[in-house]
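# Structure assessment
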Number of protein chains: 2
Amino acid sequence: MAKERKIDMVILGLLSHEDLTGYDIKKRIDGAISFFWKGSFGNIYPALKDMETQGLISKNDTSVGGRERITYKITEAGEKALNNWLKAEQVENELKYETLLKLFFGASERTEVSVHNIEVFEKQIQDDLKMLKVYYETLEKSLDNKDHVYYLLTVSFGIETYEAYLKWCNKAKKMLIDNLK
Amino acid sequence: MAKERKIDMVILGLLSHEDLTGYDIKKRIDGAISFFWKGSFGNIYPALKDMETQGLISKNDTSVGGRERITYKITEAGEKALNNWLKAEQVENELKYETLLKLFFGASERTEVSVHNIEVFEKQIQDDLKMLKVYYETLEKSLDNKDHVYYLLTVSFGIETYEAYLKWCNKAKKMLIDNLK
DNA sequence: TTTTTGATATATCTGTTTGATATATATTAG
DNA sequence: CTAATATATATCAAACAGATATATCAAAAA
């Protein structure tokens, strides 16, 4: 058996707040969610079709003029599926860092190459961290919205881990330079 | 065009140290590498076949008795490909954490469900952290081996980020309990 | 005014990866 | 001696990523 399709839960979660088109869903995922979960048209559209067949969501045509526009709404069965998933013990947490892979095999090349690779990573993280801090400040001002408390927690996860990454970058560079020259 | 197949580089990296069978490669990946990169028979064996055709690795039959055993060796072209990848700027770093996904949609359920989900995550991380610390202590004793310096850096990455996760777990649980009762 | 760029929107295709399963041999533990 | 586990190759279905195709519409630029 193949693993359960997780994109379904992302879609249900988003639809539990508002009716959306496939395109909207992609945009939402590309926003605040993207740092811990990704989506693509290639899995969003087939998932919408399947879930409609399963009765977890319902389709309604909101086309204007010649412009096609299919909005989806979550059904009661969909809400149930979402809550069951939220309560399920099993979770799949996965890190996939090419930077660490390169570092693992770093001894095949000159030390400077690995130091440079860490710097590339460091730059990426610094940029992403700035974005997360902007999100954080915005959310902090509207914690009366219950959803925002949860959003803030995921953003705070990002900030704390990215700060840990940056600390590691410094240690790692130092260690490479000290130990290997 | 599809993205380049990364498993090729994992295989080349491993073969740059020793000759291995597909099964061996799987075992190596499941070990110290698995926390930042995964592999499966379903992509290892096809990759081995392709890379042999491309001349990046060479096959030699080391079967004993009726037991099939195909060992692969890296070629000069393979070493070149590995070093080119190590020097390439572009990297793909990706976090895929279902725990954060659940937390993001946490407002759909009772606060206790999210607190429990954080505790499940916390337990997982505590266990993994113990393993990483054992790796660390073992590696620390053999830093005369140049490779081990690099291995240690990846393990240290894991330790630092997992410790940051645990700190976040406490903060997050407290925030949920304070803000939402 | 016309053109072009960019955003909206659905959909599909190829290649890659995951996870499971099938098959068979060798070794170890009870 | 037998059962369970480890070794080993291989393939399949489902899921996913990334790119591309197609078309509409709004806004900005020429």
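One structure accompanies this document, and this report is about it. (Residues numbered from 1 in each chain as written. Chains lettered and ligands numbered in written order. Predicted model: local features only at pLDDT ≥ 70, side-chain atom pairs only at ≥ 80, totals over all residues. Heavy atoms only, no water.)

## What about the overall build of chain A?
- When helices and strands are counted, chain A shows seven helices and three strands.
- Secondary structure elements in chain A, listed N-terminal to C-terminal, are α-α-α-β-β-α-β-α-α-α.
- If one aligns the C-alpha atoms of chain A with their principal axes, the spans along those axes are about 65 × 45 × 40 Å.
- Going through the 181 residues of chain A one by one, you find that 51% of them count as buried.
- Counting only contacts in chain A whose residues sit at least 6 apart along the sequence, the fraction spanning at least 24 positions is 56%.
- Entry remark: accessible area of chain A is about 9200 Å², with carbon and sulfur atoms responsible for 51%.
- Averaged over its 27 positive side-chain charges, chain A has a centre that lies 3 Å from the centre of its 29 negative ones. (Helix = DSSP H or I, 4+ residues; strand = E, 2+ residues; numbered from the N terminus. Buried < 20%, exposed > 50% of the residue type's maximum accessible area, 1.4 Å probe, protein only. Contact = heavy atoms within 4.5 Å. Areas by Shrake-Rupley, 256 points an atom, 1.4 Å probe, with all protein chains shown as cover. Lys, Arg positive; Asp, Glu negative; His and termini not counted. Charge placed at Lys NZ, Arg CZ, Asp CG, Glu CD.)

## Considerations on the packing of helix H1 (residues 7–15) of chain B against helix H2 (residues 22–33) of chain B
All names here are of chain B.
- Closest axis-to-axis distance for the H1/H2 pair is 11 Å, and the angle between their directions is 95 degrees. Accordingly, the angle class assigned to the pair H1 and H2 is roughly perpendicular. Contact residues: H1 offers Ile7, Val10, Ile11, Leu14 and Leu15, while H2 offers Ile25, Arg28, Ile29 and Ile33.
- Its residues assigned to classes, the contact of H1 with H2 comprises eight nonpolar, no polar and one charged. (Axes fitted to C-alpha atoms, helices over the stretch in contact; angles between N-to-C directions. Parallel < 35°, antiparallel > 145°, perpendicular 65-115°, else oblique. Nonpolar A, V, L, I, M, F, W, Y, C, P; charged D, E, K, R; others polar.)

## Structural notes on empty space enclosed by the protein
- Summed over all chains, the structure comprises one cavity of 30 Å³ or more.
- The space that makes up the largest cavity amounts to roughly 30 Å³.
- Lining the largest cavity are Ala88(A), Glu89(A), Val91(A), Thr99(B), Lys102(B), Asn117(B), Val120(B) and Phe121(B).
- Of all the secondary-structure elements, those providing two or more residues to the lining of the largest cavity are helix H5 (98–104) and helix H6 (111–140) of chain B.
- Tallying contributions element by element places H6(B) first for the lining of the largest cavity, with three residues.
- When grouped by side-chain class, the residues that make up the lining of the largest cavity number four nonpolar, two polar and two charged. (1 Å grid on protein atoms, 1.4 Å probe; cavity = no way out; pocket = protein on both sides within 12 Å on 5 of 7 lines; lining within 4 Å. Points joined across faces, edges and corners; volume = space filled by probe spheres on them.)

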